[in-house]
Amino acid sequence: MTETERLNGPENMEQPGEQGEPGRRGKPGKPGKRKKLTLGRVFLIIFLLGIAVYHVGTIVQMFTSFEARVSSRISLEDITSIEITRSLPETADDVVVTVTDPAEIAGIMNAFAGVKLRSSYASHDFTRSYWIHIDVNKYYRFSIRVDDAKYISIGDSSRRDKYSSGSFKIINDYDIGSIDRLFP
């Protein structure tokens, strides 16, 4: 018997229900079955997708900017005064400066314009701290605390949601000179 005859013999012919039959899947000799998604698997997939979306949203919300938290909520022309209190840990006396000149106010606000922030706890170890109160249309609006130009806490008195206050680490360079030069 030749090789071709042996391969084409009856024992090597496909039988119904085997792999070669159209429309069927699976191992040879067993009828193929498509696995159906059970209700439990659907809920598991939805649950895992929900967790993934939550974590991505949390990571995205960790990063913000001074622009998003303060500058975009007010008009520069509406700021009537900025009161700045410098606090040094080694002295008991705080020094307070009030700025009402529109050019000085613009200089202070522009210095904060490019500040990028990441959610963080406030610093407890600092060499100098500035408490900044911004009045908008002669009413108190923002409370800002800057520690060593590394950490910032922002409070917005006009909001009553989760964005009304927050503590952040400054993640880019911030020149605190616009505030520091106001003090003797």
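Higher on the page you've got the structure.
Residues numbered from 1 in each chain as written. Predicted model: local features only at pLDDT ≥ 70, side-chain atom pairs only at ≥ 80, totals over all residues. Heavy atoms only, no water.

(A) Fine view of the pairing of strand S6 (residues 139-147). The element S6 is largely enclosed, with a buried count of seven among its nine residues. Note: strand S5 (residues 129-136) against S6, eight bridges, orientation antiparallel. By the bridge assignment, Asp135 is partnered in S6 with Tyr140. Where S6 lies against strand S7 (residues 151-156), six bridges are found, and the strand directions are antiparallel. Across the sheet, residue Ile144 finds its bridge partner in S7, namely Ile154. Remark: three residues form the turn of the hairpin made by S6 and S7, two consecutive strands paired antiparallel; Asp148 in that turn has positive phi of roughly 55°. (Buried < 20%, exposed > 50% of the residue type's maximum accessible area, 1.4 Å probe, protein only. Helix = DSSP H or I, 4+ residues; strand = E, 2+ residues; numbered from the N terminus. Pairing = 2+ DSSP bridges.)

(B) Highlighting the environment of Ala68. Within the secondary structure, Ala68 sits in helix H3 (residues 66-69). For the pair Ala68 and Lys116, spaced 48 residues apart in sequence, the C-alpha separation works out to 9.5 Å.

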